[in-house]
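Overview (structure and organization)
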Amino acid sequence: MLFGFLVSRPMVVDQAQEMLEKKLAYGLSTGHPKVVLIAASNARFSHSCAVLEQSLHRPCVKLGVSGDVGIDWVMNAARRILARGDLAYMPMEFDIYSGTRPRL
């Protein structure tokens, strides 16, 4: 029961929004300049703000939530916390760029 309903429970829209709002609140509380990771699950699981903060001597905010949410949604949210001098880091999302392109 525990693994079926709690541990492996899929993320739902309300949880994604809540998670993003908490990340944005943290981003609003940090100073500038800062590093903002803008991506889907790539930013959430593949990048370490602790390492970036130590290397760049800037606060870091990860806005990655889930691979199922649209990158446009995350980018629009990032506008709320970005300011002049901040570094917006957008790591490549393999599934976004690996699909076939329509022929023109």
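Structural data are supplied above this passage.
To keep things clear, this report deals only with the structure shown in the data block. Numbering of residues begins from 1 in every chain and follows the order in which that chain's sequence is written. Whole-chain, interface and lining totals are the exception, using all residues; otherwise, since this is a predicted model, local features are given only for residues with pLDDT of at least 70 and side-chain atom pairs are given and counted only at 80 or more. As a rule here, side-chain values come from all non-hydrogen atoms in the structure, and water together with hydrogens is ignored.

1. Some points on unusual backbone geometry
With an omega of 0°, the peptide bond between histidine 32 and proline 33 qualifies as cis. Inspection of the secondary structure puts proline 33 in the loop between helix 2 (13-29) and strand 1 (35-37). Non-glycine residue histidine 57 carries a positive phi angle of around 55°. Elements are defined by DSSP. Helices are runs of H or I of four residues or more, strands are runs of E of two residues or more, and each kind is numbered from the N terminus. The residue histidine 57 is located in the loop between helix 4 (49-56) and strand 2 (60-62) in this model.

2. With respect to the pattern of salt bridges
A carboxyl oxygen of Asp or Glu within 4 Å of a side-chain nitrogen of Lys or Arg is what we treat as a salt bridge. Taken as a whole, this structure holds two salt bridges when the rule is applied. Among the ionic pairs, lysine 22 bridges to glutamate 18, the shortest N-O distance being 3.5 Å. Here the residue lysine 22 and the residue glutamate 18 both occupy positions in helix 2, the gap between them amounting to four residues, near one helical turn. Three labels apply to residues, based on accessible area from a 1.4 Å probe with only protein chains included: buried if under 20% of the type maximum, exposed if over 50%, partly exposed otherwise in between. Lysine 22 sits in the exposed class, given a relative accessible area of 57%. A relative accessible area of 46% places glutamate 18 in the partly exposed class.

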